[in-house]
Amino acid sequence: MTTLDTGKIVGAGLDRVDAPLKVTGSAHYPNDFTLPGMAHAALVRSTVAAGRIRAFDLSEAQAAPGVLTVITHLNAPELARGPMTLLGGSPPAPVQDDRVLHHGQHIAVVVAESAEQARHAATLVRVEYDTDKAVLDLDDPRAQIVENPWGLDTERGDVTAGFARADVIVEETYTTPDNTNNPLGLMATLASWHGDSLTVHDSTQWPHNVRTSLAHIFKVPESGIRVLAPFVGGGFGAGLRMWPHVILTVLAARELKRPVKLVLTRPEMFTSVGHRPDSVQQIKIGATRAGDLVAIEHRGISSVAMEDDDYEPVSFGSSVAYACSNVLTRDRQARLNIPCPGSMRAPAEGQGNFALESAIDEAAHAIGMDPLAFRLRNFAEEHQVLGLPWSSNALKECYRKGAERFGWARRTLEPGSLRDGHWLIGYGLAGVSYPFYQVPSQARASIRRDGSAHVRSAATDIGTGTYTVMTQLAAELLGLDVPRVRFDLGDSDMPYSPQAGGSGLTGALGNAVHSACRRLVQEFLDVVADDSASPLRGCLLDDVTVVDGRIQRVDDPAQGETYADILARHRLEELSADGRSTPPQSQELGLAVAGAFGAKFVEVRVDPELGLLRVARVVSVIDGGRILNEKTAASQIIGGTVGGISQALFEETVTDKVTGRIANATFGDYLMPVNADVPDMEVHFVGAPDPATAVGTKGVGEVGLVGLAAAIGNAVFHATGRRLRSLPFTLDQLMR
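Fair warning: this is a prediction, and the values are worked out from it, not measured in the lab.

## What to know about the overall build of the chain
Helix and strand counts for the chain come out as 17 helices and 28 strands. At 27 Å, the chain has a C-alpha radius of gyration in line with the 27 Å of a compact globule built from 736 residues. Counting only C-alpha atoms and orienting by the principal axes, one finds that the chain spans roughly 85 × 75 × 50 Å. In the chain, which comprises 736 residues, the share counted as buried stands at 60%. The contacts in the chain between residues at least 6 apart in sequence include a share of 80% that link residues at least 24 apart. Element-wise, carbon and sulfur atoms account for 50% of the exposed surface of the chain, whose accessible area totals about 27600 Å². The chain carries 67 positive and 87 negative side-chain charges, and their two centres are separated by 1 Å.

Structural data, given as structure tokens:
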């Protein structure tokens, strides 16, 4: 029985198996659940960015209709900080003291009989503060600087000597702003205690992390906690950590001994569930006139909250992106009075790639070389830090196919030389990579007497298509039609799954499903191992294949029998098997395990008189390893492309530099693209399954966004001769 030998189901653009539930309104999101006797919670948030709470006046709030309790640091029990996780430390526990560390911090929670009553009462809580001057800027000399926060700084060769050899040196500064995750579904939590047992419906991308964290914080057995998230209304990274509002909801439910539900408002989303931190990056690139890179230096600083950690190594990608003997990367963080940052689609790479790929384009122009030719000349045949060949890397094919589909050959070298009437036309591109990320995962597969299969794992589907691709994969591996397979997820009582994030879930979970399905077929072979009535008697796993619900011999396909027949003859209702995946290790393989690669080609149009900028076309070519479903994978790249356009042209979370208040925390003020801003898009996949894992996927959730901002900026330069180095690109930058 080989890995995926037929390919009849895997790869096909199957419609989403969960689509009927969603379009009929039958898919229940955390906000849709109610319980008998349920109360509702509303947050009270600080109106200063730094200082201490001098006093609360709760009299009006407590006297308001329907109010059941108001919890502040004055009456809250001591709560432990959440544990260290695979993604770093947990945010600080809420309402533990009188300190205020950022504007919008949760300083109290009001619980009432109805949501309206709770929200009204929250407005009646009066707070007196002793304020301090907030630290809000990366360049504020009062900011505490954290050097090399993740131990990922790199240095190879002799950068000083490399620059001495360079014919051309480009040295520039690039800035990216704070962006805020804004999934359509407002984050919601519903908590219900039964003694020391707890059930939580939560908008999480990682049910097991919520379970482990709550057990640690509330000092109850993890086995008594169940976290449910069968459907999540988006995430983009906002649901990867367990945030303080979840703790407050669980605390209120325990204090009142009744279910409590809390739904964040849109403004609260801006201060409660993370954001992409801003960054300032200095890049210096040295090249010869022939087009060889001889030195790269990339230094970045990004913001982080006062008492939190966030993984944003913006410079690290430059250490592996191109073949260069002399490279130095350095990252720092500045502690500010801001809400806790967190992962937002393509964390770190979304910022770092913009700076690197803009600088690469600047270097190509400085030596008079075509930007595509420059990138191809400096292609990294091996992992530049590990010194190992890639397990797979089709980036060159991405460039080739993208250039062909886009029509790159029509690009002129001189900026401002292409026009369509009064519009200036610009062609830009960016090379893209996203690092390999995968952690252990588990799954369970069963086949019932009717021949149907049930596969499950505690993963989440945030709209990426996990339900669908895992159903396809299991159907392929078990030789069943798709309607005969049910895949369930979003329940922490199911086998362990990592988070839906980092482009790592499909690979980790897919390999676990692969393991479970193979083990399940082995279970059937074990049942008939000594069965004289079975044509499969004595067969090993490699001796058989599975087709149409039937296990059959490879050497004689006529010899076999169905799952249903085996179960019936042996009077079994079902057989089950557990599978697990272990991430491949580069040093053990002798290969650098590869993430996804890609090339982004963009055409822009600029009105030189009005400063109008329009993205006219985008061609994305992606090496994502084995593509389990071309339709859902292409949808991921299209969604990421829209996110990249948004990052380049629209998104900026604006913080008032005096008060620390976020000034545009609504959909009316926080700009995002609408349909009219989304251009014609092409998505193509190249490359082959990656041999480092059984299923061979790489993940495409993040790589769709990476590179768009740089490609757009590079296209703007080609159109106008004006180099934009600060996101988002705005009218005033083009009108200067």
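Moving on, there is more to tell.
## Quick notes on the sheet that holds strand β19 (residues 441–448)
Within a beta sheet, neighbouring strands are joined by backbone hydrogen bonds and run either parallel or antiparallel to one another. Here we have 4 strands laid out as an open sheet, ordered β21-β20-β19-β25, and mixed in their pairing. The open sheet is flanked by β21 (485–488) and β25 (574–581), the only strands paired with a single partner. On average, adjacent strands in this sheet sit at an angle of 15° to one another, irrespective of strand direction. Taken together, the 4 bridges between strand β20 (residues 453–456) and β21 define a ladder with parallel strand orientation. Looking at the pairing, V455 lines up with F487 of β21. Against the sheet, helix α11 (residues 466–478) touches β19, β20 and β21, its axis set at about 135° to β21. Against the sheet, helix α12 (residues 505–527) makes contact with β19, β20, β21 and β25, and its axis sits at roughly 140° relative to β25, the strand it touches most.

## What to know about the sheet that holds strand β26 (residues 597–607)
Across the sheet, which stays open at both edges, the 5 strands sit in the order β17-β18-β26-β27-β28 with mixed pairing between neighbours. Both edges of this open sheet fall to β17 (419–420) and β28 (680–685), since each of them pairs with a single strand only. Both strand β18 (residues 423–433) and β26 contribute to a ladder of 10 bridges, which runs antiparallel. Along β26, the bridge assignment pairs L429 with F601. Taken strand by strand, helix α15 (residues 630–649) contacts β27 (612–623) and β28, and its axis lies near 130° from that of β28. Contacts between helix α16 (residues 708–720) and the sheet are confined to β18, β26 and β27, with β18 contributing the most and set at about 150° to the helix.

## What about the pattern of salt bridges?
One pass over the full model with this rule turns up 40 salt bridges. For D491, the salt bridge identified is with R226, shortest N-O distance 2.5 Å. In this pair, D491 is assigned in the loop between β21 and α12 and R226 in strand β12 (residues 225–228), connecting sequence segments 265 residues apart. The partner of K396 in a salt bridge is E381, and the shortest N-O contact between them spans 3.1 Å. In this pair, K396 is assigned in helix α10 (residues 395–406) and E381 in the loop between α9 (371–377) and α10, connecting sequence segments 15 residues apart. Residue K396 is classed as partly exposed on the basis of its relative accessible area of 38%. A relative accessible area of 53% places E381 in the exposed class. Three or more residues joined by partner-sharing salt bridges are found here, namely E172, E357, D361, E362, R375, R723 and R725.

## As for the packing of helix α5 (residues 207–218) against helix α6 (residues 244–256)
Relative orientation of the contacting elements α5 and α6 amounts to 55°, with a least axis distance of 11 Å. The angle between the axes of α5 and α6 places the two elements in the oblique class. Helix-helix and strand crossings are classified by hand; for α5 and α6 the assignment is right-handed. Along the contact surface, α5 presents L214, I217 and F218, while α6 presents I247, V250, L251 and R254. Split by residue class, the contact of α5 with α6 holds 6 nonpolar, no polar and 1 charged.

## Observations concerning the pairing of strand β13 (residues 260–263)
Taken together, the 3 bridges between strand β1 (residues 39–45) and β13 define a ladder with parallel strand orientation. Across the sheet, the residue bridging to A39 is V260, located in β13. Pairing geometry for strand β10 (residues 188–194) and β13, over 4 bridges, is antiparallel. Following the sheet pairing, A191 is matched in β13 by V260.

## Observations regarding the nonpolar core
Judged by nonpolar contacts, the single largest core of 68 residues is most densely connected at F374, V602, V604, L649, I712 and F729. No other element matches α16, which puts 8 residues into this core. Apart from residues lying up to four places away in sequence, I712 is in contact with V602, V604, V615, I645, A648, L649 and F729. Of all hydrophobic cores here, the second largest spans 48 residues; its members include L473, A500, L505 and I566.

## Notes on the pairing of β25
Only one face of β25 is covered, namely the one carrying L575, A577, G579 and S581; the face carrying E574, S576, D578 and R580 has none of its residues buried. Where β19 lies against β25, 8 bridges are found, and the strand directions are antiparallel. Of the residues in β25, the one forming a bridge with Q442 is R580.

## Considerations on helix α8 (residues 349–366)
Its 18 residues give α8 an end-to-end C-alpha distance of 25 Å, which sits within 8% of 26 Å, the value for a rise of 1.5 Å per residue. Judged by how many residues are buried, α8 sits mostly within the fold: 16 of 18 residues are covered.

## Quick look at the side chain of H208
Looking at the element boundaries, H208 is found in helix α5. A relative accessible area of 6% places H208 in the buried class. Reaching out from H208, the side chain makes a polar contact with the backbone oxygen of S492 at a distance of 3.4 Å.

## So, the packing of α11 against α12
Put simply, α11 and α12 touch, their axes get as near as 9 Å, and they point 30° apart. Relative to α12, α11 is oriented roughly parallel. Considering only the axes of α11 and α12, their crossing is right-handed. Contacts from T466, M470, L473, A474, L477 and L478 in α11 reach L505, T506, L509, G510, V513, H514, C517, L520 and V521 in α12. Residues of the contact of α11 with α12, tallied by class, amount to 11 nonpolar, 4 polar and no charged.

## Some thoughts on unusual backbone geometry
The residue after L727, namely P728, is reached through a cis peptide bond having omega -10°. Phi is positive for N148, which is not a glycine, with a value near 45°. Checked against the element boundaries, N148 lands in the loop between β7 (144–147) and β8 (154–156). Phi angles above zero are rare outside glycine, and F236 is one such case at about 55°. Tracing the backbone through its elements, the reader meets F236 in the loop between β12 and α6. Given the relative accessible area of 37%, F236 is considered partly exposed.

Conventions adopted
Residues numbered from 1 in each chain as written. Predicted model: local features only at pLDDT ≥ 70, side-chain atom pairs only at ≥ 80, totals over all residues. Heavy atoms only, no water. Helix = DSSP H or I, 4+ residues; strand = E, 2+ residues; numbered from the N terminus. Rg over C-alpha atoms; globule rule 2.2 N^0.38 Å. Buried < 20%, exposed > 50% of the residue type's maximum accessible area, 1.4 Å probe, protein only. Contact = heavy atoms within 4.5 Å. Areas by Shrake-Rupley, 256 points an atom, 1.4 Å probe, with all protein chains shown as cover. Lys, Arg positive; Asp, Glu negative; His and termini not counted. Charge placed at Lys NZ, Arg CZ, Asp CG, Glu CD. Pairing = 2+ DSSP bridges. Axes fitted to C-alpha atoms, helices over the stretch in contact; angles between N-to-C directions. Salt bridge = Lys/Arg side-chain N within 4 Å of Asp/Glu carboxyl O. Parallel < 35°, antiparallel > 145°, perpendicular 65-115°, else oblique. Left-handed = near helix turned anticlockwise from the far one by under 90°. Nonpolar A, V, L, I, M, F, W, Y, C, P; charged D, E, K, R; others polar. Core = buried A, V, L, I, M, F, W, Y, C linked by side-chain atoms within 4.5 Å. Expected span 1.5 Å × (residues − 1). Polar contact = N/O pair within 3.5 Å; in protein donor to acceptor, adjacent residues only side chain to side chain.

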